[in-house]
Every structure is written in structure tokens, then in C-alpha cells.
Amino acid sequence: MNQRKDTNVDHSGQIGIALLPNQETKDKSIALAQTIHPNLLDIGGAHYPHMTLYHARFTDVPSSVVDVMLKDVAALLPLSTSFYRIATFAEKFVFWDVSMLPVLMEMHERALDLARYFTPGKGAVGTESLKLPAEQVENVRRFGHPLMRHLCRPHITLGYDEGGHPAFKEQERIWQGGFDRVALVEIGEYGTVKKILTLGE
């Protein structure tokens, strides 16, 4: 029987690495989320506004690996970002998209080191009912998430609805925001952050 190691506790389940917005960006994303209807998400209430670097269903990730990863990403913060549009993803989600930066891709690739604790073909988080193109389906199989590597689409999720958003019109929404913390998080329904487990220092 495996015994818990006080100095190296393993993390398993639906978890990920996420950037947390500064207060101004958090407040703005909460206000925008309240304009999305219908919406099953409670951004700012039960669900934390965040930008996912990578999440999936993992097995036995050593806390020492997580700690070093969080430290590496935290060293690149704070991060100034340019939000540029509000648009749907896979018909059901509404994203507030962020322009890609080299440092964001560096953070994303660092978080992807968690992929060695993911079993390909298993453990996709919240993608079962989505209509995805072939490249994204392959990413789900390999990484447990559709928006990886060159398909990475940095964003804050504002809304989700099972019935989709067929009438939603893409909106230009230019705004300068920022992220000042990184965390290991527990992932809940619809890719939401259910709980912050460990903050990077």
C-alpha cells in the first residue's frame, strides 16, 4: 500500500496550471461574464476567472514537480496582456481572447511538462460533448485538451451553455489587462477552476 510522503505529496485527478488575473482584469472579466446569456458559469462566484496554461486528468504528479513548475512560471510574472475579442469556441463556450506572446507560449510549454503524467486517449476534461476539428481531437487524445501547442488559444472563459450560443456575434473587445499569479488548480465542470490548490511563489 502506498504511503503518503510528507515532503512529496502526489496530485491526481482533474487538475491544471492556470494564470490568475490581477484585480482590475478579474473585475472586468466578471462584469463581461454577466453580459453572456444563457450562461451556466458563475464567474466571480463559484468559478474563478483564469487563463489555463494546461489542464487534463493526471495521475500521481509529484508535488516537487509542481513546485518547480510554478516557480518557473511565477518568475515570468507579472504579465501584461492585450485582450482583443469575445468569441465562441466549439459553439458552447464564450472566450475573451488574448493576443499570443512569446512569454505566454513559454509558460504554456513549461506547463505541458505535465503531459508525462497524462495517459494518451484517456482523461479528457469537459470535451466529450464538443464538436471539434480533427487537429483538436488529436490534441485531446494526446494531451487531454484541444487547445495545445500551435493550437493554443489564450483566453479567459466568460460563458458556457449546453445549448450553445448560435446567435452570438463575435465582438471586438480591446483591453489591456494582466496576470500576476500562477496556481495549481482543481478543474470542475466545463473546464472551470473549482479550487486553487497551490499558489506559485
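Residues numbered from 1 in each chain as written. Predicted model: local features only at pLDDT ≥ 70, side-chain atom pairs only at ≥ 80, totals over all residues. Heavy atoms only, no water.

Chemist: Mind showing me how you'd approach unusual backbone geometry here?
Modeler: Backbone phi values are negative for most residues with the exception of glycine, while trans is the configuration of most peptide bonds. Pro38 follows His37 through a cis peptide bond whose omega is -5°. Here the amide bond leading from Leu77 into Pro78 is cis, since omega sits at 0°, within 30 degrees of zero. Structurally, Pro78 is set in the loop between helix H2 (63-74) and strand S3 (79-89). You will see that Glu91, though not glycine, has its phi angle at about 70°, which is positive. Within the secondary structure layout, Glu91 lies in the loop between S3 and strand S4 (93-98). If you check the backbone angles, Tyr190 has positive phi at about 60° while not being a glycine. (Helix = DSSP H or I, 4+ residues; strand = E, 2+ residues; numbered from the N terminus.)

Chemist: Can you help me understand the environment of Asn39 in this one?
Modeler: Among the secondary structure elements, Asn39 is positioned in the loop between helix H1 (23-33) and strand S2 (51-62). Distance in space between the C-alpha atoms of Asn39 and Phe93 is 9.1 Å, their sequence separation being 54 residues. Beyond its immediate sequence surroundings of up to four residues, Asn39 is in contact with Ala33, Leu158, Gly159, Tyr160 and Asp161. One polar contact links the side chain of Asn39 to the main-chain amide nitrogen of Leu41, over a distance of 2.9 Å. There is a polar contact of 3.0 Å between the side chain of Asn39 and the backbone oxygen of Leu158. (Contact = heavy atoms within 4.5 Å. Polar contact = N/O pair within 3.5 Å; in protein donor to acceptor, adjacent residues only side chain to side chain.)

Chemist: When you look at the environment of Thr88 in this model, what are you seeing that I'm missing?
Modeler: Note on placement: Thr88 falls in strand S3. The exposure class of Thr88 is partly exposed, given its relative accessible area of 30%. Taking the C-alpha atoms as reference, Thr88 lies 35 Å from Asp10; in sequence the two are 78 residues apart. When neighbours within four sequence positions are excluded, Thr88 is seen to be in contact with Phe93, Val94, Arg153, His165 and Phe168. (Buried < 20%, exposed > 50% of the residue type's maximum accessible area, 1.4 Å probe, protein only.)

Chemist: In this structure, what is going on with the confidence of the model for the protein? I would like to understand it.
Modeler: Close inspection of predicted coordinates is inappropriate in any region flagged by low pLDDT. Averaged over every residue, the pLDDT of the protein is 90; residues scoring 70 or more account for 92%. A low-confidence stretch, residues 1-7 stays under pLDDT 50, and its non-local contacts, those more than four residues away or across chains, total two contacts. (pLDDT = per-residue confidence, 0-100.)

Chemist: What is the right way to look at the packing of H2 against helix H3 (residues 102-111) in this model?
Modeler: For any two helices packed against each other, one specifies the inter-axial angle together with the distance between the axes. Taken N-terminus to C-terminus, the directions of H2 and H3 make an angle of 180°; their axes are 10 Å apart at the nearest point. One way to sum up the angle between H2 and H3 is to call them roughly antiparallel. Contacts between H2 and H3 involve Val68, Met69, Asp72 and Val73 from the former and Met107, Arg110 and Ala111 from the latter. Taken together, the residues that form the contact of H2 with H3 break down as five nonpolar, no polar and two charged. (Axes fitted to C-alpha atoms, helices over the stretch in contact; angles between N-to-C directions. Parallel < 35°, antiparallel > 145°, perpendicular 65-115°, else oblique. Nonpolar A, V, L, I, M, F, W, Y, C, P; charged D, E, K, R; others polar.)

Chemist: Where do I start with the side chain of Thr192 in this structure?
Modeler: By secondary structure assignment, the location of Thr192 is in the loop between strand S6 (171-187) and strand S7 (193-199). Classification of Thr192 by relative accessible area gives buried; the value is 4%. Excluding anything up to four places from it in sequence, Thr192 contacts Leu41, His47, His50, Glu186 and Ile187.

Chemist: Mind showing me how you'd approach the pairing of S4 here?
Modeler: Every other side chain in a regular strand lies on the same face of the sheet, so the side chains alternate between the two faces. Of all the six residues making up S4, six are buried; the element is thus mostly covered by neighbouring parts of the structure. Burial along S4 is two-sided: the residues Phe93, Phe95 and Asp97 and Val94, Trp96 and Val98 are all buried. Here six bridges tie S3 to S4, and the two strands are oriented antiparallel to one another. Note on S4: the bridge partner recorded for Ile86 is Trp96. Between S3 and S4, which pair antiparallel and follow one another directly, the connecting turn spans three residues, one of which, Ala90, has a positive phi of 50°. (Pairing = 2+ DSSP bridges.)

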